[in-house]
Amino acid sequence: MGFEQPVTLPNLPGMFFRSLFTVARNDQAEAGVQTLRAEFTAPAFSVTQLTRYQQAFDGFVSEVPLTLMYCLAQRVHLAQMLGEEFPWPAPGLVHVSNSLEQHHTIQPSEGFHIKAVIKLPARGPNVSPRRLRPKFTVEFWQQGQHVVTCVSEYQVMPKQSERPRKSRERKIVDAPCDPWQKINVWSLGCKVARDYARLSGDFNPIHLHPLLSRWFGFEQPIIHGMYMSARALAEIERHAQRPVHKLDVTFKRPVPLPAQVTLWHQLHEDGSGSYQICGTTDYLQRLEGTFALAQDY
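Since the model is a prediction, treat every value here as computed from it, not as a measurement. (Residues numbered from 1 in each chain as written. Predicted model: local features only at pLDDT ≥ 70, side-chain atom pairs only at ≥ 80, totals over all residues. Heavy atoms only, no water.)

1. With respect to the packing of helix H1 (residues 12-19) against helix H3 (residues 66-81)
Any two packed helices are characterised by the angle at which their axes cross and by the distance between the axes.
Link 1 in the chain: Packing of H1 against H3 brings their axes to within 10 Å, and their N-to-C directions diverge by 40°. Our classification of the angle between H1 and H3 gives oblique. The hand of the H1/H3 crossing is left-handed. Along the contact surface, H1 presents Leu-12, Met-15, Phe-16 and Ser-19, while H3 presents Arg-75, Leu-78 and Ala-79. (Axes fitted to C-alpha atoms, helices over the stretch in contact; angles between N-to-C directions. Helix = DSSP H or I, 4+ residues; strand = E, 2+ residues; numbered from the N terminus. Parallel < 35°, antiparallel > 145°, perpendicular 65-115°, else oblique. Left-handed = near helix turned anticlockwise from the far one by under 90°. Contact = heavy atoms within 4.5 Å.)

Right, dumping it as structure tokens:
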């Protein structure tokens, strides 16, 4: 099955409103593995968008940061989630991993042709909820050149469980040691999530208010994973004074707000490196990933 004719990528406010009606979906219906495909077109980022994003994360060297491309990819994800073939409610999906790779220079003044694929896992009443992880691959093209690929995996979260949740023991682990270097500590209040929602358009209720986040199993709002990844990317670029052309991240634990976290990283001679964000006092890993600094495309 090939791609459909490209359509203009819808704007977020309208899609977000429509996503609220997907909570009634019968996501227990049995089905095998499926592939959903779509194509979109989107205009270039405006100067205002680029400026606001750059200002929100101090340190970017890249003219168009890779994590900003995820914001566009997420619009694609939501557009596909609204399709009748997508089986789960759009609100409440939790982002568990992401990779972004730049293949050619992104032209800030050029629009995008977008090719999108979702790999839907098998589902049904006998499938473990842990296996419900749709994978979204989004390719961005400009003037016939493939400029960026974004691959994202989400976890389908059940609605509020009937069983009382067991309290988890608070673990204390050792701080990262050499060759890890601590490069920044951040204090995150609840306002950070609301500010990033307005910046990115990601108004998933798990990030916004305790009454909404509890519906999906979180006692407190959790910070957007890609906010953390963007902040790490900006810090890595500021530290290296070079743009990053490849970034991946795995979200290990949610970060309930308010929180204080620490960014650690290590850089290798070939321009590749690793990073992780841990709790400042308990050192529990919240996310980890790798990166590669840009060479010539």
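2. A closer look at the environment of His-104
Link 1 in the chain: Here His-104 shows up in the loop between strand E3 (94-102) and strand E4 (112-120).
Link 2 in the chain: Spatially, the C-alpha atoms of His-104 and Trp-141 are 9.5 Å apart, while their sequence positions differ by 37 residues.

3. Side note on the pattern of salt bridges
Link 1 in the chain: Considering all chains together, one arrives at 5 salt bridges under this definition.
Link 2 in the chain: With a shortest N-O distance of 2.5 Å, Asp-195 and Arg-198 are connected by a salt bridge. Residue Asp-195 and its partner Arg-198 are both found in helix H4 (residues 190-200); the two are separated by 3 residues, about one turn of the helix.
Link 3 in the chain: Residues Asp-282 and Arg-286 are paired through a salt bridge, measuring 3.1 Å at the closest nitrogen-oxygen approach. Comparing Asp-282 with Arg-286 shows no difference in burial state: the two are buried.
Link 4 in the chain: Linked through salt bridges whose partners overlap, the residues forming this network are Lys-191, Asp-195 and Arg-198. (Salt bridge = Lys/Arg side-chain N within 4 Å of Asp/Glu carboxyl O. Buried < 20%, exposed > 50% of the residue type's maximum accessible area, 1.4 Å probe, protein only.)

4. Overview of H3
Link 1 in the chain: Helix length check: H3, at 16 residues, gives a terminal C-alpha distance of 23 Å against a target of 22 Å (1.5 Å per residue), a fit within 8%.
Link 2 in the chain: Where burial is concerned, most of H3 is hidden: 16 out of the 16 residues are buried. (Expected span 1.5 Å × (residues − 1).)

5. With respect to the packing of aromatic side chains
Link 1 in the chain: Evaluated as defined, the whole model comprises 14 aromatic pairs.
Link 2 in the chain: Between Phe-86 and Trp-88, the ring centres sit 5.6 Å apart and the planes meet at 80°, which makes this aromatic pair edge-to-face. For the pair shown, Phe-86 and Trp-88 are each scored as buried.
Link 3 in the chain: Seen from their ring centres, Phe-112 and Phe-140 are 5.8 Å apart, and the 75° between their planes marks the pair as edge-to-face. With a gap of 28 residues between them, Phe-112 in strand E4 and Phe-140 in strand E5 (residues 135-142) connect regions that are remote in the sequence. Comparing Phe-112 with Phe-140, the two get one shared label, buried.
Link 4 in the chain: Site record: aromatic cluster; members linked through ring pairs are Tyr-53, Phe-57, Phe-60, Tyr-196 and Tyr-227.
Link 5 in the chain: Positioned above the aromatic ring of Trp-141, the side-chain terminus of Lys-115 is 4.4 Å from the ring centre. (Phe/Tyr/Trp six-rings, centres within 6.5 Å; stacked < 30°, edge-to-face > 60°. Lys NZ or Arg CZ within 6 Å of the ring centre and 35° of its normal.)

6. Digging into the sheet that holds E4
Link 1 in the chain: The strand order across the open sheet formed by 11 strands is E1-E2-E4-E5-E6-E3-E8-E11-E10-E9-E7, and the pairing between neighbours is mixed. In this open sheet, the two strands that pair with only one neighbour each are strand E1 (7-8) and strand E7 (181-188).
Link 2 in the chain: Relative to strand E11 (residues 285-293), strand E8 (residues 244-251) runs antiparallel, the two sharing 7 bridges. When the sheet's bridge partners are listed, Val-244 is paired in E11 with Leu-293.
Link 3 in the chain: The strands touched by helix H6 (residues 225-240) are E3, E7, E8, strand E9 (259-267), strand E10 (272-279) and E11; relative to E7, the strand with the most contacts, the crossing angle is about 140°. (Pairing = 2+ DSSP bridges.)

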